[in-house]
Amino acid sequence: AFAVTVIACDEPGLSAVLDRAGGGRLLLDRDGVPALDTTMPLIGVPRVRAHGWSLGRDWSTTVAILDSGCDTAHGDLGDHADDDADGPPPAVGDAGDWYAADNGWPLFAGYKVVGWADVTDDFPQAQGPWDYNHHGTALASVVAGSGTVDPRYAGVAPATRLTVVKFFDFDVTWHAWTGDFLAACAWVLEHKDVYRIGSVLVAVNWDLAPGIGNATAALVDAGVVVVAAAGNHGDDPAGPGYPAVLPHVLTVGGVNDAAAVAAFSGRGLPGQGKPDLVAPAGGLLQSSGRIMAGDNEPNDTYSGRFGTSLAAAHVAGAVALLDEALRDRGL
C-alpha cells in the first residue's frame, strides 16, 4: 500500500524528524505554476485580451516598479535593436534600450521603460536601467514583458510601459533600506505626471514603519494605486510587515495552480483583512512549479521564480489592464 503522511514543522522540528530512525522517504512539499503561459488563464487574461475587450495593447501609461532595477537588454523589456548591450561597470545599462518620457512621450512602442531613477546612485555613470540582482527584472517581466523573445512568457499587460526606480542598494551585497524606499516614493510622487504613473509595485516588507505609512498614503492620495507583496513568511504569527499591513495598500498573497494558498505565502492576522487579493506565486521546487520570468543574466533568457513578489506583479499588471479598460470607455 502507498501512503503519504503530511507534516508541518519548523527547522528544529525537521532536524528531529531527520534524526529519527525509520524507513521511507522525506519529500519537500510542492505546488505548481510552471510558467506565465499557465498563470495567465488563472487570472483571466485570455478573456480580456480576446475580441470584445482586446486589452493589453495600451502603452500610454506606466507601472512604477520600486525594486532592484530592470535589465532592459532583455528583448521583452526593451532592446529594440536586439544588440544585447549592457555596458560593464561603471557605465552600466544601454542608452538605446529605453527612452526618457521627460524628453517627450515616445511614439515607438518598442521602448518598454520610459522612466528610470536610481535613488542610491550606485553607478553614477549608468547609461540606462540595469539590474544585477534579477528581482526587479522578474517583476517587470510578469507585469509587462512583451513576449518578443518567447510569446509564451508575455506578461499580464504586454504593451504597458514601465517606470523603474532602483532603491535596492548594491555594495557587494544587496540591501533594501527603508530610507532608500522613502526616497523612491518621493521620486515617484514628484515625477508621476511626466511618466504617467498609475500604480506602484513594491515587493519588500519591513518589520517597522518609519515613514512608510505616510509615504505610501501620499501616493494613494495622489491617485496612484500601491500594490504590495504579502511576503513569504508563511503562517508566521508576526503577520505581514510594512507596507503590506497598511489598509490603503493593495496587498497580495500567493496561490498555487489549484488556487490554494501557497505554503510560503504570508497570512494576515485576525482583524487585519490582509491580504486583499491572492494571485499565482509559483512553487518551491527548482525542478518544477516555478514561474518562468525574464532574467538579467545571460541576456534574453528566463528563470524559474516563486514568491508573493510575483503574485503582486500579476496584480500590478491587472491594474494596468483595468486602467486601460476605463480609459477605453472614457472614464
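Our subject is the structure that appears above.
Since this is a predicted model, take the numbers as computed values, not measurements. (Residues numbered from 1 in each chain as written. Predicted model: local features only at pLDDT ≥ 70, side-chain atom pairs only at ≥ 80, totals over all residues. Heavy atoms only, no water.)

A grouping of Ile7, Leu14, Leu18 and Leu26 is seen on the molecular surface, where their side chains present a nonpolar patch of about 360 Å² in accessible area. The residue isoleucine 7 is located in the segment before helix 1 (11-19) in this model. You can call isoleucine 7 partly exposed: its relative accessible area is 44%. (Patch = residues over 30% accessible without salt bridge, like charges linked within 9 Å, V, L, I, M, F, W, Y side chains within 5 Å. Areas by Shrake-Rupley, 256 points an atom, 1.4 Å probe, with all protein chains shown as cover. Salt bridge = Lys/Arg side-chain N within 4 Å of Asp/Glu carboxyl O. Helix = DSSP H or I, 4+ residues; strand = E, 2+ residues; numbered from the N terminus. Buried < 20%, exposed > 50% of the residue type's maximum accessible area, 1.4 Å probe, protein only.)

For the rest of this paragraph, the subject is the packing of aromatic side chains. Under the defined criterion, the tally for this structure stands at 15 aromatic pairs. Here a set of aromatic residues connected by ring pairs shows up, and it is made of Phe123, Trp130, Tyr132, Phe167, Phe168, Phe170, Trp174, Phe181 and Trp206. Above the ring of tryptophan 105, the side-chain terminus of arginine 196 is found at 4.0 Å from the ring centroid. (Phe/Tyr/Trp six-rings, centres within 6.5 Å; stacked < 30°, edge-to-face > 60°. Lys NZ or Arg CZ within 6 Å of the ring centre and 35° of its normal.)

Moving on, we get to the environment of leucine 55. Secondary-structure assignment places leucine 55 in the loop between helix 3 (45-49) and strand 1 (62-67). The exposure class of leucine 55 is buried, given its relative accessible area of 5%.

The next subject is the pattern of salt bridges. Note on pairing: side chains with opposite charge can pair once their charged atoms come close. Within this structure, the stated rule accounts for seven salt bridges. With a closest N to O distance of 2.8 Å, arginine 152 and aspartate 150 form a salt bridge. Here arginine 305 makes a salt bridge to aspartate 295, at a shortest N to O gap of 3.0 Å. One end of the pair, arginine 305, is in strand 11 (residues 302-305); the other, aspartate 295, is in the loop between strand 10 (291-294) and strand 11, with 10 residues separating them in the sequence. This pair shows no difference in class: arginine 305 is buried, exactly as aspartate 295 is. Through salt bridges with shared partners, one network takes in Asp118, Asp122 and Lys166.

What follows is about the pairing of strand 3 (residues 161-166). Along strand 3, six of the six residues are buried, which leaves the element largely enclosed by surrounding structure. The side-chain alternation of strand 3 yields two buried faces, one formed by Arg161, Thr163 and Val165 and the other by Leu162, Val164 and Lys166. The pairing of strand 1 with strand 3 spans six bridges and is parallel. Within the sheet, the bridge partner assigned to leucine 66 lies in strand 3 and is valine 165. Bridge count for strand 2 (residues 113-118) against strand 3 is five bridges, and the pairing is parallel. Of the residues in strand 3, the one forming a bridge with tryptophan 116 is valine 164. Once the chain exits strand 2 it traverses helix 4 (residues 135-144) before rejoining the sheet at strand 3, and the crossover so formed is left-handed. (Pairing = 2+ DSSP bridges. Right-handed = clockwise from strand over helix to strand, strands pointing away.)

Membership of the largest hydrophobic core comes to 45 residues, with the highest contact counts inside it found for Ile65, Val143, Leu162 and Leu201. Breaking this core down by element, the ones donating at least two residues are strand 1, strand 2, helix 4, strand 3, strand 7 (225-229), strand 10 and helix 7 (308-328). If one sorts the elements of this core by residue count, helix 7 sits on top with 10 residues. With sequence-adjacent residues up to four places away left out, valine 143 is seen in contact with Val63, Ile65, Gly155, Val156, Ala157, Leu162, Leu201, Ala313, Ala316 and Gly317. Core analysis: the second largest hydrophobic core is formed by 28 residues, Trp105, Phe181, Val202 and Val226 among them. (Core = buried A, V, L, I, M, F, W, Y, C linked by side-chain atoms within 4.5 Å. Contact = heavy atoms within 4.5 Å.)

Right, let's talk about the sheet that holds strand 8 (residues 250-255) for a bit. The seven strands lie next to each other as 2-3-1-6-7-8-9, forming an open sheet whose pairing is parallel. At either end of the open sheet lies a strand with only one pairing partner, and these are strand 2 and strand 9 (277-280). Neighbour-to-neighbour, the strand axes of the sheet open up by a mean angle of 25°, direction not taken into account. Running at roughly 165° to strand 1, helix 5 (residues 178-191) makes contact with strand 1, strand 2, strand 3 and strand 6 (197-202) of the sheet. Of the strands in this sheet, strand 1, strand 6, strand 7, strand 8 and strand 9 are in contact with helix 7, which crosses strand 8 at around 125°. (Axes fitted to C-alpha atoms, helices over the stretch in contact; angles between N-to-C directions.)

Another point: the pairing of strand 11. Taking every second residue as pointing to the same face, both faces of strand 11 are buried, with Tyr302 and Gly304 on one and Ser303 and Arg305 on the other. Judged from the four bridges that link them, strand 10 and strand 11 form a sheet pairing that is antiparallel. Following the sheet pairing, isoleucine 291 is matched in strand 11 by arginine 305.

Here we take up the state of the cysteines. This structure, assessed with the given rule, holds zero disulfides. Lacking any disulfide linkage, cysteine 70 is separated from the closest cysteine sulfur, that of cysteine 185, by 19 Å. A relative accessible area of 4% means that cysteine 185 is categorised as buried. (Disulfide = S-S within 2.5 Å.)

Any functional reading would require information that these geometric values do not contain.
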